[in-house]
Amino acid sequence: KMIVEKKVKFSESMLWDLQRKYFAEEGVNAWAGSVPFYITSNLFIANSYAEVFIRYVQDCKNRGKVLKDKPFYIFELGTGSGRFSYYCARQIFTLQKELGLEDIEIIYVMTDFTDSNVKFWRTQRELQPLVEAGKVDFAIFDLENSETLEMINSGVVLDGSDDNNPISVFGNYIFDTVTQDVFRVEKGEVLEPRISLVADKTNVENKRPKKLEDLDMLHTYYNITSGYYEDEILNEMLRGYKKDLNEGTFLMPLGGFRCLKNLFKISNNKCLLISTDKSYARLDEIEGRGDPALVCHGSFSMTVNFHALGEYFRLSGGSVRHQKIRESIKTSCFVLGDDFDDLPETSSAIKYHVDTCGPGDFFIYHRFLVDNKEQAHLTALVAHLNVSLWDPHFFKLMIDRIIEVSKTAEKIELQGLLDGTKEVIDNIYLMPGAHDTYFDVGLLHHAVDQPLKAIEYYEQSREYFGENFSLLYNMALCQYAAGNNDKARELFEQAKTMNPDS
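Computed from a predicted model, the values in this text were never measured in an experiment.

**Things to note about the layout of surface pockets**
Reasoning step 1: In this structure, the largest pocket spans a volume of roughly 640 Å³.
Reasoning step 2: Taken together, 43 residues form the lining of the largest pocket, with Phe-23, Gly-78, Tyr-173, Ile-174 and Thr-177 sitting closest to its centre.
Reasoning step 3: Breaking the lining of the largest pocket down by element, the ones donating at least two residues are α1 (15-26), α3 (83-98), β7 (167-172), β16 (295-297) and β17 (299-301).
Reasoning step 4: The greatest single-element share of the lining of the largest pocket, amounting to four residues, is contributed by α1.
Reasoning step 5: Partitioning the lining of the largest pocket into residue classes produces 16 nonpolar, 18 polar and nine charged.

Next up, the structure:
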């Protein structure tokens, strides 16, 4: 073992440089396996955000606070793969049309600090119609450091110098990966730990750890002085924790505060933030907490202090609505320049789409069905597919069970499933390492004796994922079942070239 870093402020640890380096080098490939993201990139959570946002626009319109010659901008922080953006933007524009809000311009801006991600989004097939319509734009935005936001396609720069409509900001699984400070309240005092990183010598190269998951993080606590931060709002928050907590360790999301300060400036103190993460949002969730730990998955993440983000909004003159306590991810909504008590449409949407049945609740149902899929009957599977808005990821996880129970299903129930697969196909978002959902949908139709329909989906599989033995062999079987013997023989011969032992 050796010490690679000794007694530094947590926010000044080398860990944050390693974090940025990982995402800069991996780009969109970080979401191809190592970094978990489905929980905040599915159709259900995208729809929840779209519903809250569009009701916020309605509130602004109903109160005569819309600048007709200015768009409503939505900024997604740390966009990553872009899957959430695609689902959410598409739903927002659908709701805009359904609710008669087409006289208001809405622009969804995907942002990240690394240009490799932006290059990927700009060529993404599914996003192109929205980009060409001027509804989706892109920007390089370092949420801890950028003080302005310049859109790549339109060239528009937002820096707070002009009056605009309130901006909306979506931030999922992002505040858990940026710079944090850590403190502990004990015996009426606020203590700050200094962090030491210890690693096996084989895990060190150029004085830096190679694998974060094999690090030990030690905490040595010290008293802090008053006026610890330059930002007096943060000092007020520390005084509040000292007064209100008996004992417990809490994170101060410093990178999040820097981001909010910049967003407040850019928006002229008029903004809505919706964020979902593994988090704690109430003082009783902080009480008794021990030292924080890193959760490693290529990068690393930590449990976010949404309570602190809420206090930052509140002490800046804003308002906050935290989701009720759940043993899952949590969603919080924050507004500056207004009060949720004066936003009835927005508050109603939050009540239903966050509190009553929010993204965390959906994921609990999702995990339960996945973990118990061998007991799931078709009715339950179709019901969850419908609630998930026909999510391709859930379809992928359950395809074996879906096929198994479909073979003995009632005709009307089976037809409901097959009709829904059209929506599964419409919801595909291709990215590095993507699963071949076209093949799965073809396989389902194949299994229930619809060979011609199966061939349609197998052909799409071939177009986007190329040829392989299983695909060609299945296509041959379907052609044979449809009476196209010559085509079947041709496909069998092609399949044999890929697997001579077949």
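**Quick word on the nonpolar core**
Reasoning step 1: By size, the foremost hydrophobic cluster in this structure holds 64 residues, and its most contacted members are Phe-10, Phe-250, Met-252 and Phe-257.
Reasoning step 2: For this core, the element with the most residues is helix α7 (residues 254-266), which contributes seven residues.
Reasoning step 3: Setting aside chain neighbours within four positions, we find Phe-257 in contact with Leu-234, Met-237, Met-252, Ala-308, Leu-309 and Tyr-312.
Reasoning step 4: The next biggest cluster of nonpolar side chains, apart from the first, holds 47 residues, and it includes Tyr-87, Trp-121, Leu-130 and Val-131.

**A closer look at the sheet that holds strand β19 (residues 319-322)**
Reasoning step 1: Taking strand neighbours across the sheet as the criterion, the seven strands line up as β4-β3-β2-β7-β14-β20-β19 in an open arrangement whose pairing is mixed. Across the chains shown, the open sheet's two edge strands, defined by having one partner strand only, are β4 (136-140) and β19. Between one strand axis and the next, the sheet turns by 20° as a mean value, whatever way the strands run.
Reasoning step 2: Judged from the six bridges that link them, β7 and strand β14 (residues 271-277) form a sheet pairing that is parallel. The residue bridging Ser-168 from the neighbouring strand is Leu-272, located in β14.
Reasoning step 3: Running over the sheet, helix α2 (residues 43-62) touches β2 (72-76), β3 (106-112), β7, β14 and β20 (330-336) and is turned about 165° from β14.

**Some points on the confidence of the model for the chain**
Do not read the fine detail of predicted coordinates wherever pLDDT is low.
Reasoning step 1: On average, residues of the chain score 92 in pLDDT, and 97% of them reach the 70 mark or higher.
Reasoning step 2: Considering each helix and strand of the chain separately, the mean pLDDT is smallest for β16, with a value of 75, and largest for β2, with 98.

**Topic: helix α14 (residues 411-426)**
Reasoning step 1: Helix length check: α14 (16 residues) gives 24 Å between terminal C-alpha atoms against 22 Å at 1.5 Å per residue, within 8%.
Reasoning step 2: Taken residue by residue, α14 has Leu-414, Leu-417, Leu-418, Gly-420, Thr-421, Val-424 and Ile-425 as its buried positions. Down the axis of α14, the buried side of the element spans an arc of 165°, and every buried residue falls inside it. Exposed and facing more than 90 degrees away from the buried side of α14 are Ile-412 and Asp-426.
Reasoning step 3: Of the surrounding elements, those touching the buried residues of α14 are α12 (378-387), α13 (392-406), α15 (437-447) and α16 (451-465).

Analysis parameters
Residues numbered from 1 in each chain as written. Predicted model: local features only at pLDDT ≥ 70, side-chain atom pairs only at ≥ 80, totals over all residues. Heavy atoms only, no water. 1 Å grid on protein atoms, 1.4 Å probe; cavity = no way out; pocket = protein on both sides within 12 Å on 5 of 7 lines; lining within 4 Å. Points joined across faces, edges and corners; volume = space filled by probe spheres on them. Helix = DSSP H or I, 4+ residues; strand = E, 2+ residues; numbered from the N terminus. Nonpolar A, V, L, I, M, F, W, Y, C, P; charged D, E, K, R; others polar. Core = buried A, V, L, I, M, F, W, Y, C linked by side-chain atoms within 4.5 Å. Buried < 20%, exposed > 50% of the residue type's maximum accessible area, 1.4 Å probe, protein only. Contact = heavy atoms within 4.5 Å. Pairing = 2+ DSSP bridges. Axes fitted to C-alpha atoms, helices over the stretch in contact; angles between N-to-C directions. pLDDT = per-residue confidence, 0-100. Expected span 1.5 Å × (residues − 1). Arc of directions from axis to C-beta.

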